[in-house]
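One-letter residues, chain by chain:
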Amino acid sequence: MRSVVVFDAADLPAESGFWSGMLDGHVFADETFHSVIDAAGEWRIGVQLAPEHVSPEWPDGAPQQVHLDLHVEDPKPAHEQATRLGARLLRAGDLDSDEGHQVYADPAGHPFCIGWGHPSREALAAFVRERWGQAGARPDRP
């Protein structure tokens, strides 16, 4: 199974270009849908044309449908990359703290977070193994 997050946007090139830049990837585009491929060659994000798209107004306006959390080792270059690519900072965090997050809006207004100091992939895998055994097998499922 592959999961791809799809965003609505009125401006396909701006939205897909932003996410391609954030993922150090590239875009495959047609007239109504853009596929964002990350640096490892994985399809991660889709952007579909929605000419009447209304941007969410986080946190108290038009509701969001979904948001992404991007986990990074160092938040300062991630912040610089996001803002250079057109993100707006919605809620700042302390970039010098050991753990935290900041909330941004992408060019179409979709909120997303850049977080740091959260459990690494290795720590998360160890937690899953400890909780559910080898290979993530869950005892509560047949």
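Residues numbered from 1 in each chain as written. Predicted model: local features only at pLDDT ≥ 70, side-chain atom pairs only at ≥ 80, totals over all residues. Heavy atoms only, no water.

Draft legend 1. Local environment of the packing of helix α1 (residues 12-22) against helix α2 (residues 75-84). Between α1 and α2, whose axes approach to 9 Å, the crossing angle comes to 160 degrees. Put simply, α1 runs roughly antiparallel to α2. Where α1 crosses over α2, the two elements pack in a sense that is right-handed. Contact with α1, carried on its side by F18, G21 and M22, involves A78, Q81 and A82 of α2 and no other residues of that element. Each residue belonging to the contact of α1 with α2 can be placed in one class, and the counts come to four nonpolar, two polar and no charged. (Axes fitted to C-alpha atoms, helices over the stretch in contact; angles between N-to-C directions. Helix = DSSP H or I, 4+ residues; strand = E, 2+ residues; numbered from the N terminus. Parallel < 35°, antiparallel > 145°, perpendicular 65-115°, else oblique. Left-handed = near helix turned anticlockwise from the far one by under 90°. Contact = heavy atoms within 4.5 Å. Nonpolar A, V, L, I, M, F, W, Y, C, P; charged D, E, K, R; others polar.)

Draft legend 2. Broad picture of the pattern of salt bridges. Per the stated rule, a full pass over the model turns up two salt bridges. For R44, the salt bridge goes to D38, with nearest N and O atoms at 2.8 Å. The salt bridge involving D96 is made with K76; its shortest N-O contact spans 2.6 Å. A residue pair is termed long-range when its members are at least 10 positions apart, and D96 in the loop between β6 (88-91) and β7 (100-105) and K76 in helix α2 qualify at 20 residues. Judged by relative accessible area, D96 falls into the exposed class, the value being 58%. (Salt bridge = Lys/Arg side-chain N within 4 Å of Asp/Glu carboxyl O. Buried < 20%, exposed > 50% of the residue type's maximum accessible area, 1.4 Å probe, protein only.)

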